[in-house]
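What follows is the residue order along each chain.
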Amino acid sequence: MNTIEVTRLSKWFGHKVAVSDITCTFGPGVTGILGPNGAGKTTLLRCLVGLLHPSDGSVTVLGKAPNRSPDVLGKVAFVPEHEAVYEQMTARQFIAFNARLNGVTDPAATETAIELVDLASAADRALGGFSKGMRQRAKVAASLAHQPDILILDEPLNGADPVQRAKLIELFVTLGRSGKTVLVSSHVLHEVDRMADRVIAMIDGRLAAIGSVRQLRDLMTDVPRSIRVEVDHPRRLAAAIMATDFVQSVTVEEASIIVDARDAAGFARTLAPTSEEAGTVISRVRPQDESLESVFRYLVGGR
Amino acid sequence: MSAITAIVAMIGKRLIGRRVALILALLTLAPAVVLIVRDDGDQTAAFHNWVGPLLFALALPLVALLTSSAALGEERFGHTLPYLMVKPIARTSIAGAGWLAATMVSFAIGMVGVGSAWAVAAVRTGETGIGWGAAVGAAITMIGYAAVFVPVGLMARQSTLIGLAFILIWEGVIAGAGDTLAVASLWRTGLSGYVAVTPDVPADVLDALGNLTPGAWGAFAKVLVLSAMSIAGTTLLLRHRDLVKE
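Residues numbered from 1 in each chain as written. Chains lettered and ligands numbered in written order. Predicted model: local features only at pLDDT ≥ 70, side-chain atom pairs only at ≥ 80, totals over all residues. Heavy atoms only, no water.

Caption draft 1: Spatial organisation of unusual backbone geometry. Residues and elements named next belong to chain A. One non-glycine residue with positive phi stands out, namely Asp21, at about 50°. Among the secondary structure elements, Asp21 is positioned in strand β2 (residues 16–26). Residue classification places Asp21 among the partly exposed positions, given a relative accessible area of 38%. (Helix = DSSP H or I, 4+ residues; strand = E, 2+ residues; numbered from the N terminus. Buried < 20%, exposed > 50% of the residue type's maximum accessible area, 1.4 Å probe, protein only.)

Written out as structure tokens, the structure is:
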């Protein structure tokens, strides 16, 4: 069952197109909105909660346009990307305030939300003194107090330390499994990989890919990877490497080779034994184009 | 506590907790200081002459501008507006809550000036009721200015400059140039309520009214109608403008 439907959504600001002709649906479970900075993720999410009005196309949440139906927002929670909070409030006050605006006055709801994000020890401190990661947790807690059916989280893991990051990911996965629609935007592939059943990849305001994490991974395995290998005898290693099935081409430099691998994983497995057989010593291996953006650009170019 | 009350309380606490609120409160003390320093002549007339022009024409508009424009303006430009907008609350309620919080805080700060001058004059003259008119006038003035400056603060990052231009050019020069435009001046509308409630107001204060007829109820009605229009306008802004795009 789809809870959110996006139909040919476009959003532009003056001459700048932020989101272009996106059609997709969202339902229960965790969906990752993946894309480099400036891809249009935030604009898309803001359109979903009615903060921005579509320039073209439409958005419906539970069958209604969110910017014209405030009542539907009672079933939605939104965690904005911006770290701004009411700095004079304590975390407990902030969470209770958000709960109250959603019609929840039971203090137990606030306490449960505080426990969920592991913020009990800092709950009575002013938000102004919080680190970015703690603010994110307070914002997530504030979004959970009224037990929404739909959670829309814009880069919620930004600034969180690794332990809290893992806990938040676990929380999102649990919420998704309980039947809630959870949308999480991120520009970090492996984070989305850990929590999302389904991924929407965006670049330059367009939909680059949509599907399960596995489907996206399959698309990405086809991306030729450029890898620099620093080695004592570049020509000898280049000749040995070219004999394997995983390499498309090799460029020899003074103290290194640059390998265009057809299959990066296969290349990684064979590099060490090949080097040993060739009698060379590798000092460093590093990818040339591992950024998410380069992968997305490949996906867009391949469409 | 309802959602609207929660928003009014939140905005009110934020506005009153700012350093500028303290500075504005100190600014409004000027008439009281003048009354203390100039301990000569008719103290009743001195009270009206200093509270009238100094407080109503200058201090109260400044208090209202710097307070009201920040009511929803700081929500928007401080990036906290989404916490209010993505909630099951009518946009009219958010607009109304902003206006009410701005009015209450502006009035509270303005009353520091009115109250202090009132206290000094009451001690000097023995007339304990001398400041009622000023308090009524201040309430009318703050309601009127909140109606103007709350939507301006929401619309424009440069709301302080726009508001200063309004106070100095429109209220100060244009509305004061001829009698006919005085009816469109907000501080004069407040002053008309003040004059209506206060017996024996000096001629200098009456002159500032232009063609405005003194009347507290009429003045209240005027600023309340203006406020209703303002809340409707602010609601439209919240409903139809993309206020969160930075």
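Caption draft 2: Geometry of the environment of Met155 of chain B. All names here are of chain B. Position of Met155 relative to the elements: it lies in helix α7 (residues 132–155). For the pair Met155 and Asn211, spaced 56 residues apart in sequence, the C-alpha separation works out to 32 Å. The contacts of Met155, once residues within four sequence positions are left out, are Arg76, Phe77, Leu237 and Arg241. (Contact = heavy atoms within 4.5 Å.)

Caption draft 3: Representation of the nonpolar core. Counting residues in each nonpolar core, the largest one holds 152 residues, and the members touching the most others are Leu48 and Ile152 of chain A together with Phe47 of chain B. Core analysis: the next-biggest nonpolar cluster, separate from the first, contains 13 residues, Leu237, Ala238, Ala261 and Leu271 of chain A among them. (Core = buried A, V, L, I, M, F, W, Y, C linked by side-chain atoms within 4.5 Å.)

Caption draft 4: Up close: the sheet that holds strand β3 (residues 29–34) of chain A. Residue and element names in this part refer to chain A. In spatial order, the strands read β5-β6-β7-β3-β8-β9; together these six strands make up an open sheet with mixed pairing. The sheet is open, and its two edges are formed by β5 (76–79) and β9 (206–212), each paired on a single side. Taken pair by pair, the neighbouring strands of this sheet meet at an average axis angle of 15°, ignoring direction. Of the strands in this sheet, β5 and β6 (150–154) are in contact with helix α4 (residues 132–144), which crosses β5 at around 170°. (Pairing = 2+ DSSP bridges. Axes fitted to C-alpha atoms, helices over the stretch in contact; angles between N-to-C directions.)

Caption draft 5: Broad picture of the environment of Gln136 of chain A. Residue and element names in this part refer to chain A. Looking at where Gln136 falls in the secondary structure, it is placed in helix α4. When the C-alpha atoms of Gln136 and Val79 are compared, they prove to be 8.3 Å apart, with 57 residues separating the residues in sequence. Once residues lying within four places of it in the same chain are set aside, the contact partners of Gln136 are Glu155, Pro156 and Asn158.

Caption draft 6: Quick peek at the side chain of Asn67 of chain A. Residues and elements named next belong to chain A. Along the polypeptide, Asn67 turns up in the loop between β4 (56–61) and β5. A relative accessible area of 14% places Asn67 in the buried class. Non-local contacts of Asn67, meaning those with residues more than four positions away in its chain, are made with Gly50, His53 and Pro54.

Caption draft 7: Local environment of the interface of chain B and chain A. Counting residues at the interface gives 29 residues for chain B, matched by 28 residues for chain A. Between chain B and chain A, roughly 2500 Å² of surface is buried when both sides are summed, and carbon and sulfur atoms account for 65% of that area. A per-residue breakdown of the area chain B buries against chain A is headed by Tyr83, Val86 and Pro88 of chain B, which together make up 27% of the total. Applying the counting rule to chain B against chain A returns one salt bridge. Mapped onto the side of chain B that touches chain A, the elements with two or more residues apiece are α1 (3–16), α5 (81–85) and α11 (216–240) of chain B. Counting residues per element, the side of chain B that touches chain A draws most heavily on α1 of chain B, at five residues. (Buried area = accessible area lost by both parts, 1.4 Å probe. Salt bridge = Lys/Arg side-chain N within 4 Å of Asp/Glu carboxyl O.)

Caption draft 8: Spotlight on the sheet that holds strand β12 (residues 256–261) of chain A. All names here are of chain A. Pairing is antiparallel across the open sheet formed by four strands, whose spatial order is β11-β12-β10-β13. Sheet topology places β11 (247–252) and β13 (282–287) at the edges, where each strand pairs with a single neighbour. In this sheet, adjacent strand axes meet at a mean angle of 20° when their direction is disregarded. Relative to β12, β11 is paired through five bridges, and the arrangement is antiparallel.

Caption draft 9: Spatial organisation of the pattern of salt bridges. By the definition in use, this model includes 14 salt bridges over all chains. Note that Arg8 of chain A and Asp21 of chain A form a salt bridge whose closest N and O atoms lie 2.8 Å from each other. Within this pair, whereas Arg8 of chain A is found in strand β1 (residues 4–13), its partner Asp21 of chain A is found in strand β2, the two being separated by 13 residues in sequence. A salt bridge links Arg14 of chain B to Glu75 of chain B, with the nearest nitrogen and oxygen atoms 3.0 Å apart. Remark: Glu75 of chain B occurs in helix α4 (residues 43–77) and Arg14 of chain B occurs in helix α1; sequence separation between them is 61 residues. Each member of the pair, Arg14 of chain B together with Glu75 of chain B, is buried. Look at the salt bridges and you will find they share partners, linking Arg14, Arg18, Glu74 and Glu75 of chain B into a network.

Caption draft 10: Geometry of helix α8 (residues 234–242) of chain A. Residue and element names in this part refer to chain A. What α8 keeps buried is the set Pro234, Leu237, Ala238 and Ile241. Along the axis of α8, the buried positions cluster into a sector of 105°, meaning they face one direction only. Among the exposed residues of α8, those oriented more than 90 degrees off its buried face are Arg235 and Ala239. The secondary structure elements touched by the buried residues of α8 are β10 (225–231), β11, β12, α9 (264–278) and β13. (Arc of directions from axis to C-beta.)

Caption draft 11: Representation of helix α6 (residues 91–125) of chain B within the structure. Residue and element names in this part refer to chain B. For α6, with 35 residues, the first-to-last C-alpha span of 49 Å sits near the 51 Å given by 1.5 Å per residue. The principal kink in α6, of about 30°, is found at Met111. Just downstream of α6 lies Gly126, where phi reads positive at about 80°. (Expected span 1.5 Å × (residues − 1). Bend = angle between axes of the 7 residues up to and from the residue.)

Caption draft 12: Expanded view of the pairing of β12 of chain A. Residues and elements named next belong to chain A. Most of β12 sits out of view: five of its six residues are buried. Relative to β12, β10 runs antiparallel, the two sharing six bridges. Within β12, the residue paired with Ser226 across the bridge is Asp260. What sits between the antiparallel neighbours β11 and β12 is a turn of three residues.

Caption draft 13: Summary view of the packing of α7 of chain B against α11 of chain B. Residue and element names in this part refer to chain B. Closest axis-to-axis distance for the α7/α11 pair is 9 Å, and the angle between their directions is 15°. Classified by the interaxial angle, the pair formed by α7 and α11 is roughly parallel. Note that α7 runs across α11; the crossing there is left-handed. Counted together, Val136, Ala139, Ile140, Ile143, Gly144, Ala147, Val148, Pro151, Leu154 and Met155 of α7 and Ala216, Ala219, Phe220, Val223, Leu224, Leu226, Ser227, Ser230, Thr234, Leu237 and Leu238 of α11 form the full contact between these two elements. Split into classes, the residues belonging to the contact of α7 with α11 amount to 17 nonpolar, four polar and no charged. (Parallel < 35°, antiparallel > 145°, perpendicular 65-115°, else oblique. Left-handed = near helix turned anticlockwise from the far one by under 90°. Nonpolar A, V, L, I, M, F, W, Y, C, P; charged D, E, K, R; others polar.)

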